[in-house]
Every structure is written in C-alpha cells, then in structure tokens.
Amino acid sequence: MIELKNVHKAFGPNRVLRGVNLTIPSATSLVIIGGSGTGKSVALKCVLGLIRPDSGTITLDGQDVTRGDRDAFLARFGMLFQGGALFDSLPVWQNVAFRLLRGSLKRPLPEAREIAIEKLRRVGLKPDVADKFPAELSGGMQKRVGLARAIAAEPEIIFFDEPTTGLDPIMAGVINDLIREIVTEMGATAMTITHDMTSVRAIADNVAMLHDGVIKWTGPVSEMDNSGDPYLDQFIHGRAEGPIEAVR
Amino acid sequence: MNFILGFLASIGRTVLNGLASMGRIALFASDTLSHLARPPFYWREFLHALVQIGWLSLPVVGMTALFTGGALALQIYAGGARFNAETVVPSIVAIGLTRELGPVLGGLMVAARVASSIAAEIGTMKVTEQIDALTTLSTNPMKYLTLPRVLAATLAVPVLVGVGDVIGIMGGFLVGVGRLDFSAATYLHNTMDFLETWDVVSGLIKGAAFGFIVALMGCYYGMNSGRGAQGVGRATKSAVVAASVLILASNYILTEVFFSS
C-alpha cells in the first residue's frame, strides 16, 4: 500500500502540493486526474523519489520511501513516461531489457533479449522491432516499448504518466486495454495520471481529483459520475463554467 | 549616488553568482569522482566514450596541429631572420608545440567538439525525461553518464595531445624542409637536441587536465539544462564557453606551477 500524508512541495513561490493525502491499496489501480499544472506529475515523482517533498510523509507498505535501500525500493517499480523516455542510443530490445542487463536483476544477454522480445510481444509488437532504434518507431510504438520496459522486470507497482497523450483514439484504446490487462494479470498496484476521461474509465478502480495542490475528491470510478463534487463534475464533463477557473 | 550603488551591487551579484557556480561545479566534480570508488563501473559506456572523445577527435586535432606547426615554423623563421637566428626554428617549433600550443589548441578543439556534444546529448536526455527514466531503472545517472565520459576524456586527451605534438612537429618539418631550405637531417637533429622529456610530459599532464575540464563542463551543463530546445542550446553554449575559459585559465596556472622556477 502506498500512502501520502500531508505532502507539500513548492518550487520557489509556486506552491504545487499543499497537503496531499492519498492512499493506494495494493493490487488496485488509482487514476489521478486534474488540470494542467495542478501537481499530478510532481506527486508521482515525489513517490518515486525523483523530487523530494518539502514536508509530509510517503510510505510504501509502512516504510518511509526516503529511507532504506534505494535500489531495492526502485526495483519494485516500473514507470511509463509521458514521452516514452526511451534511450535513443540503445536498440529497442536493450531499452526493454535495460534493468535485466545491469544491477541486481542482471541476466545473461540471450535470456535478457528473450525476455525483452516476449514483453514486446505482450504489448503487441513483433520481434523484428527489437533491433530497431527508438527514432525509427511511431509515437504509438514508442509508447508500447515504454510499456514493455515498465513491465520487463515484473514490478509490484507501475506508474503511468499520461499514457495516451499524443495518440490517436484507436491507439489510445489499445494502450488503455493493455494497461488494464497487464495490471490485472500481474496483480500490480498502478498509479496513473491523465486528463483523458476515456482512459480513466478504462484503467481506474479508484479515482482521485487533484486541484490547487490538494485532493478534492477520491472514490471508486463507479461513483465518479454521481459524486456531487462541483470540481469533479466540471472536470469530467469538460465545462468551462464552474469552480475551476479556465485561466490558471 | 544611486547609479554608483546600483553599479556596485551588480558587480557584487555577478561575483556571488560566479562563486556559487564554482561551488556547484566543485560539488559536481567531487560527486563524479566519488563514484570511482563505488561499483558498478559501466565499462561499455566508458569504451564508447573513449571512441567518441578520443578516436573521433583525432582528425580535427591532427589537422589543427599540422597547420599550427607549419605556421609556427614560418613565423619563427620570419621573426628569427631579424637577428640572424633562423636556425632556432626546429627547436622553438618543438618546444612551443609540446609545452603550449599542442595541449591548448588540442584542448580547445576537443572543447568545441566534445563539450558541446556531451552537453547537447545529456541536456536532451534531461528534457525528454531519460535521466529520470535511468533513475527509476535503478541506475545512477552520475555513474552511468558522467563518470565514464569524464574518465574517458581525462585519459584520451593526453593521447590526442601526444599524437598532435608529433603531427605538429611534422608540419613544422614539412614547411622547414619544403619552404625554408632546411636539410631534413639538420631539422630533425635540432628538434631532438633541444627537446627535453619534461617539455612533452608537462604538455601531456595539461592535456589530462583539459580533458577532465571539457567532459566535466559538458556533463555539468547538460545535467543542469533548462527546458526545451532553448534550454539545451543554452547549456551547449555555456559548456563550450566555460570549458574554453577554464582551459586557458588552468593552462596559465599549470604553466606557472611547472615552469616558473
């Protein structure tokens, strides 16, 4: 279980997180929604330790994430970045097997390649993609390679940062279905941040709405449409009028 | 009065910012070097950097040395003719190249080629979240990106300087024999007679220092790159400028240390 308690983070005068409280039970999929610049990515990066919060605590199974063995902590995570964040200088299979080629999870080269090809197949890519470089792939294929890399070491927790941004609706649907299938199949805990309401309905068990640096609403996805929360209502229906100012 | 105070304040701000930058660079350097003693060491990245920085810089460093050696021979001949000292051409070309021009010009050419490419590569990796991705994949970016490049440059640039010295002396030899009517045997004899081991070794030590500076600046500005194309462009420019200025400043300090007595 991941738990954020009263997490604050500011960049200079800009207070991005103003006391975030959030719980993600194990083996569930939480989607965080909210407008641009409301701190969704910052919250996610705080959990991963890429950004250090100014105050508050973040725990994973009761252990403070800022303490203890960092490598062991990160070995439990997989992450799909918004732009894929594939390493340009490495062929696709080495991107997917990156974690399996070095460090504590190191495997022999042929085995790592085999796992990479199997993971590529899992996300719907043919084995001939393995030896290509990321620059030779379309945006949708890069996203899928990123997804294959996120699941390559079979992590317990997977984070997805805007998984469908920049994709056409059909490819977005493919990615959403893959994420749902993989999370269910692996029994992983998932945390996704997105603006895309189709993704929310496809991926989420629970939803949290982040606005003004705090969680305005959280609950099961089935209750999202009847929440009665004016912020959530405005956001999910994409209305210009409401408590959330269009110009922020 | 206000104008003078404002002027003094701006000088103070500039000095403080400069000192803060030096402090950050010193911390970055010590962080980089601290990984030398902590495994793992990424050999593949190191060998790749060695080829990129050393082998692929050889043509540009070689050409620079060849033309500099030739021009130096012409200049010394023309200057020496004023007091009938044309015969010093071979020895001054050799000493000038090995002690000063070889390492400094070689260092500056490597700064232009390598500091810019390292800063642009790492800056782009930062902007596209590849550095964050490395961290989430349990790989320390300082260990994986910075240390191999800094170590490769520190080892490769002295070799480039050594090769540049030989090519530069050959440039002087070709001009001396072809244009200035030296006999080949006399030119080589004068070169070898007056050249001491320390002339060459001091230049190689300078080369190692300049290689360290070049890669460190490339990595530092790349890792601290701003967002977008403009941020990467600014990081690239800053890396080349800082590396060039530091090469020239450290060259003076090293010359003072090596030869002032």
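Now for a description of the structure that goes with this document. All figures in this text were calculated on a predicted structure; none of them were measured in a lab. (Residues numbered from 1 in each chain as written. Chains lettered and ligands numbered in written order. Predicted model: local features only at pLDDT ≥ 70, side-chain atom pairs only at ≥ 80, totals over all residues.)

**Some thoughts on the interface of chain A and chain B**
- Counting residues at the interface gives 15 residues for chain A, matched by eleven residues for chain B.
- Among the elements of the structure, α2 (70-74) and β6 (77-80) of chain A are those that each provide at least two residues to the side of chain A that touches chain B.
- For the side of chain A that touches chain B, a count of residues per class yields ten nonpolar, two polar and three charged. (Contact = placed C-beta atoms within 7 Å. Helix = DSSP H or I, 4+ residues; strand = E, 2+ residues; numbered from the N terminus. Nonpolar A, V, L, I, M, F, W, Y, C, P; charged D, E, K, R; others polar.)

**What to know about the sheet that holds strand β9 (residues 206-211) of chain A**
Residue and element names in this part refer to chain A.
- The strand order across the open sheet built from six strands is β6-β7-β8-β3-β9-β10, with neighbouring strands paired in mixed fashion. The open sheet has two edge strands with one neighbour each: β6 and β10 (214-220). Averaged over all pairs of adjacent strands, the angle between their axes in this sheet comes to 15°, without regard to strand direction.
- Pairing between strand β3 (residues 29-33) and strand β8 (residues 189-193): four bridges, direction parallel. Each bridged residue has a counterpart across the sheet, and for S29 the counterpart in β8 is A190.
- Across the face of the sheet, helix α5 (residues 139-151) comes into contact with β6 and β7 (157-161) while running at roughly 175° to β6. (Pairing = 2+ DSSP bridges. Axes fitted to C-alpha atoms, helices over the stretch in contact; angles between N-to-C directions.)

**Thoughts on the sheet that holds strand β1 (residues 2-11) of chain A**
All names here are of chain A.
- Strand order in the open sheet formed by four strands is β2-β1-β4-β5, and the pairing between neighbours is antiparallel. The strands lining the two open edges of the sheet, one partner per strand, are β2 (14-24) and β5 (63-64).
- Relative to β2, β1 is paired through eight bridges, and the arrangement is antiparallel. Bridge assignment links E3 to a residue of β2, and that residue is T23.

**Here we look at helix α6 (residues 141-178) of chain B**
- Its 38 residues give α6(B) an end-to-end C-alpha distance of 52 Å, which sits within 8% of 56 Å, the value for a rise of 1.5 Å per residue.
- Along α6(B), the sharpest kink reaches roughly 30°, centred on B:L147 and followed within four residues by the proline B:P148. (Expected span 1.5 Å × (residues − 1). Bend = angle between axes of the 7 residues up to and from the residue.)

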